[in-house]
Amino acid sequence: MTTTAIEVSDLTAAYKDKPVLWHVDMQAPSGALMAIVGPNGAGKTTLIKAILGLVRPLSGRALIYGKPYPQQRHRVAYVPQRSSVDWDFPTSVLDVVMMGRYGALGWFKRPGSAERRAALDALDKVGMVDFAERQIGQLSGGQQQRVFLARALVQNAEVYLMDEPFQGVDATTERAIVRLLQELRSLGKTVLVVHHDLQTVPEYFDWVMMLNVRSIACGPVSEVFNEQNLRATYGGKIAFLNGNGVGGVQDGYRPALSQPAL
Amino acid sequence: MDIGQLFHNLLFDYTLRTVALGAAVIGIVSGALGAFAVLRRQSLLGDAISHAALPGIVIAFLLTRSREPTIVLLGALAAGWAATLSITAIVRTTRIKDDSALGLVLSVFFGFGLMLLTFAQKLSDARQAGLDKFLFGQAATLLQRDVVTMATVGALALGTTLLFWKEFKLLTFDADYAASLGHPVRALDVLLTTLLVIAIVIGLQTVGVVLMSAMLVAPAAAARQWTNRLETMVGLSGLFGALAGVSGALISSAMEKTPTGPVIVLCISAIVLVSLLFAPARGLVWKRLRNFRNQRRIHTAPLQL
Ligand SMILES: Nc1ncnc2c1ncn2[C@@H]1O[C@H](COP(=O)(O)OP(=O)(O)OP(=O)(O)O)[C@@H](O)[C@H]1O
Ligand SMILES: [Mg+2]
């Protein structure tokens, strides 16, 4: 029996008086690479924030390996939506990545050479070492995304929560990031990714959660990622999938497995 | 008065030395903490807090009938805090957005302060206390004692900033991520805002409630032009603030009956202007020049395919 890494049960959350998540249940088994899909405003970001304790739920709870987030935060790394910060902030790429170590450092301690080395290591993994000293505003969107990824990697966590890590990223970088996520999975880590491109879900992920305020479905991609559930999630807005069906994408063109390096 | 004489006075004239030191303290503290305020998009909050301090100052005087700087500063501190709390409460409980809430609190507190001031001016000891000087500031009223108080409080504020440097940096850049790492962001936010209130209150006597927010925003805006590192930006911002403070206070004390606030603000504005135009990389002049050169190169170079 596999253990459950993330368990959300009966979670309801609201901003002011408008409910955004309604009695949501979700389970991610340990070692899963899971996509969260749903239309804009479905509550995907809110769900991740609720798991992290950044949004207080009205009812229900979220557990990480059986315990509430505050007791487990050293096992969890968060990649926020790129647009959530001001990239004109006066700091370098290396500085941002070192922020991933702040939690482990504790009060009053300054990051030193160990943190620096860890940060450079992580930057190397995402192919960004050459940019270490750059001001973060002087990066492209995809490069900024990789900096955020490196910052999460440096936390050395077991559970990764990523909000749209593929947003504004070109095809090559997307492949490289996917490879990185699959590497994390092969190390036994659990990765939750908010994802928008339905076509690539079966190719990239093994688990999927379909969310639209309520939880529509949650399970292995092969079992729950079907037209019926997609319709329930997106309403009539999935016409482009008709004809060759959802699986059609899989049967057709498949990118080479030996992906270009970053 | 020639420059040599001015420097001589600066060292040996009691009033001038006091004024210069006081203004330097104000400039450093408000410049450094203003940098965080600007990066957190809280420039308007600074403005609201400093205007809101006025009723606090007058009430503190009316209650104690003394204009001891510590008492006045405590009054200003309390009012500044009350203003911050009101803004947070309005945003949390109503549908009013934060910029409107700021405007609302600023005008209500400041209007109330002006009313109290008019009332207090009718009392003879109040006129002597020179409460109205708090509107635009009067550096000449600074005593050595006041400067010592300001420097002590300012040093505490800066020390706290250094102590929590890493936390404040992360809070300013990405508060949600800071919270996910387990940082108590609410408490850090309150602490940083309190330091901002302290920076404002220190400057009120010299710069005045009306223009104090310029001492937070302008040095930071100028400093941002010159660097891409937070450490350098905060340091430069303090330096620019001190430079403007000292020169402004000296100029205004050399001229009879000139309120200090406006002169200091003119000085810092000059620094901002120079920075906007001439700072390397970000300066407008260099940008234009680079564009011009690039264009010429593109036009004159043979097309290479
Ligand atoms: N801070 C907030 N205050 C009020 N309402 C909010 C806030 N953040 C989000 N909402 C609302 O909550 C709903 C869910 O938002 P959320 O950001 O979780 O959606 P999402 O699924 O991540 O959307 P997207 O795909 O656009 O990122 C939306 O209707 C949004 O308008
Ligand atoms: Mg979102």
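Everything here concerns the structure above.
It should be emphasised that the depicted structure is a prediction, and the values quoted were computed from it without experimental measurement.

Draft legend 1. Quick look at the sheet that holds strand S1 (residues 4-15) of chain A. Residue and element names in this part refer to chain A. Sheet architecture is open: 4 strands sit in the order S2-S1-S4-S5, paired in antiparallel fashion. The two strands at the open ends of the sheet, each matched to only one other strand, are strand S2 (18-29) and strand S5 (67-68). In the sheet, S1 pairs with strand S4 (residues 59-64) via 5 bridges, with the strands oriented antiparallel. Looking at S4, one finds that Thr12 is bridged to Ser59.

Draft legend 2. Up close: the sheet that holds strand S6 (residues 76-79) of chain A. All names here are of chain A. On the basis of which strands lie adjacent, the open sheet formed by 6 strands has the order S6-S7-S8-S3-S9-S10 and mixed pairing. Single-partner strands in this sheet number two, and they are S6 and strand S10 (214-220). Taken over all neighbouring pairs, the strand axes of this sheet differ in orientation by 15° on average, direction set aside. Pairing of S6 with strand S7 (residues 159-163), which is carried by 4 bridges, proceeds in the parallel orientation. When the sheet's bridge partners are listed, Tyr78 is paired in S7 with Leu161. Here helix H10 (residues 227-234) sits on the sheet in contact with strand S3 (33-37), strand S9 (207-212) and S10, set at roughly 35° to S9.

Draft legend 3. Molecular detail of the nonpolar core. If you look at the biggest cluster of nonpolar residues, it comprises 164 residues, and the most contacted ones within it are Ile6(A), Met26(A), Leu47(A) and Ile51(A). Those residues in contact with Ile51(A), other than ones at most four positions away along the chain, are Ile6(A), Val8(A), Met26(A), Ala62(A), Ile64(A), Tyr69(A), Leu161(A) and Leu192(A).

What counts and what doesn't
Residues numbered from 1 in each chain as written. Chains lettered and ligands numbered in written order. Predicted model: local features only at pLDDT ≥ 70, side-chain atom pairs only at ≥ 80, totals over all residues. Heavy atoms only, no water. Pairing = 2+ DSSP bridges. Helix = DSSP H or I, 4+ residues; strand = E, 2+ residues; numbered from the N terminus. Axes fitted to C-alpha atoms, helices over the stretch in contact; angles between N-to-C directions. Contact = heavy atoms within 4.5 Å. Core = buried A, V, L, I, M, F, W, Y, C linked by side-chain atoms within 4.5 Å. Buried < 20%, exposed > 50% of the residue type's maximum accessible area, 1.4 Å probe, protein only.

Read these as layout, nothing more, since geometry by itself doesn't imply function.
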